[in-house]
Amino acid sequence: MARKRKGTPIHGWLAIDKPLGLSSAQVVAKVKWILQAAKVGHGGTLDPLATGVLPIALGEATKTVSYVMDGSKTYAFQIRWGQATATDDREGEVVETSDIRPDRAGIEAALGGFTGEIEQIPPAYSAIKVGGERSYDLARSGEAVELKSRQVHVESFTLDAMPDADHADFTVVCGKGTYIRSLARDLARALGTVGHVAVLRRTACGPFREQEAISLESLQELGQGPGPRAYLLPVETALDDIPALALTEAEARRLQSGGPVSLLHVASRFPQTRFEQGTMCRAMDGKRMVALARIEGGEIRPVRVLNLTNDIGVDDVDHA
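Here, residues in each chain are numbered from 1, in the same order as that chain's written sequence. Selection of residues for local features in this predicted model requires a pLDDT of at least 70, selection of side-chain atom pairs for listing and counting requires 80 or more, and totals for whole chains, interfaces and linings are taken over all residues. Excluding hydrogens and water, the side-chain figures rest on all heavy atoms present in the structure.

Residues Glu251, Ala252 and Leu255 constitute the buried set of helix α7 (residues 249-256). For α7, the angular spread of the buried residues around the axis is 100°, confining them to a single face. Away from the buried face of α7 by more than 90 degrees, exposed residues Glu249 and Arg253 are located. In this analysis, two residues are considered to be in contact whenever any of their non-hydrogen atoms come within 4.5 Å of each other. The way it works is that DSSP assigns letters per residue, a run of H or I at least four long becomes a helix, a run of E at least two long becomes a strand, and they are numbered from the N terminus. On its buried face, α7 is in contact with β16 (261-262), α8 (263-267), β17 (280-285), β18 (288-296) and β19 (299-305). The positive-phi residue at the C-terminal boundary of α7 is Gly258, with phi of around 100°. Exposure is judged per residue with a 1.4 Å probe applied to protein chains only, and the accessible area is read against the type maximum: over 50% gives exposed, under 20% gives buried, and values in between give partly exposed. An arc is given here, and it is the one of the directions from the helix axis to the C-beta atoms.

The structure is reproduced here in structure tokens:
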């Protein structure tokens, strides 16, 4: 018999405004403690140096984390010119200096080479595994780390301000796996100098925006009562790009039990809708999502079943 998970079964998403100095894992632990939640995860790591939007998944929302991690992200950051560091950010030891400071025209001319599908080498101080070990662990122990170049997508890269000769502020919209520290390092090299990330803030992560984020301090002030629910977003928030499919109660029960549902019966109720093979959809029983499903071979088949009992994000169970 499976051991019952301790804590309150809360389901949904919170957009936390991560403070400076905490790791993503530490934020998860604090949210879990504040809400006394049974299951908590996050959708997209932020380094301790970074602040901003850290999506926190609670309960059944943890089954949709990969969709947030695969989504686009927006960062506002500052490059410090003239100093290269071991970590490519301000926390590392300075390993190289340069007297060259780029001007606005030069920076703007170079940005086009860093948009679209580009190749970048991740920082040596990253969580990528090399021979079963984390790259940052190898780098900290003094080993030379050589990471392979990888392709990433940068949708836009814009220069926002140049507060002084040593600094420049940027905004980047990018896809999964893009390292802002690598962008800063490589842009500086392209401009004939060196540089590192001095300030980094994530302003959007998938469907989550900083305008709806709550600080850890505010969350703690609200405590375990109904207050936090004002910030709790539905599980399906992470799946906003995936179409919803309305099912009958009987169809929803069958899908939730792991069985397929006939596409023909469902399609007959929606004559104006085209159901393409391989399409992912949110299977809904009224306002309640019962599964993430895929259309295959004339059937709607469950991919991830969700066990949600109501619409308010907390199960109706006896916690005594």
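Here the narrative resumes, following the displayed structure.
Moving on to the environment of Leu22. Summarising the element assignment, Leu22 is placed in the loop between β1 (12-18) and α1 (24-35). In this view, Leu22 contacts Val27, Lys30, Asp47, Pro48 and Leu216; residues no more than four positions away in its chain are not counted.

All right, on to the sheet that holds β19 then. Strand pairing within a sheet occurs via backbone hydrogen bonds; the two strands may be parallel or antiparallel. When DSSP finds two or more bridges between two strands, those strands count as paired. Taken in spatial order, the 5 strands of this open sheet run β15-β17-β18-β19-β16, and their pairing is mixed. Strands at the two margins of the open sheet, each flanked by one partner only, are β15 (244-246) and β16. Pairing between β15 and β17: 3 bridges, direction parallel. Note that in β17 the partner of Ala244 across the bridge is Arg282.

Summary of the metric used: pLDDT quantifies the predictor's per-residue confidence within the range 0 to 100. For the chain, per-residue confidence averages 88 on the pLDDT scale, and residues scoring 70 or more make up 88% of the total. Here residues 314-320 is a poorly scored stretch, pLDDT under 50, and it has 13 contacts once near neighbours within four places are set aside; other chains count.

Quick look at the packing of aromatic side chains now. For any pair of aromatic rings, the description rests on two quantities: the centre-to-centre distance and the angle between the ring planes. Each Phe, Tyr or Trp ring, with Trp reduced to its six-membered ring, pairs with another whose centre is within 6.5 Å; inter-plane angles below 30 degrees give stacked pairs, above 60 give edge-to-face pairs, and intermediate values give tilted ones. Per the counting criterion, the structure on display carries 5 aromatic pairs. Both rings, one in Phe77 and one in Phe170, keep their centres 5.6 Å apart while their planes meet at 25°; by these two values the pair is stacked. Residue Phe77 is found in strand β4 (residues 73-81), and its partner Phe170 is found in strand β11 (residues 167-174); the two are separated by 93 residues along the sequence. The exposure class assigned to Phe77 is buried, which follows from its relative accessible area of 3%. Between the aromatic rings of Trp81 and Phe170, the centroid separation amounts to 6.4 Å while the plane-to-plane angle is 85°, which identifies the pairing as edge-to-face. Taken together, the residues span a long stretch of sequence, with Trp81 in strand β4 and Phe170 in strand β11 at a distance of 89 residues. The same class applies to Trp81 and to Phe170, which are both buried.

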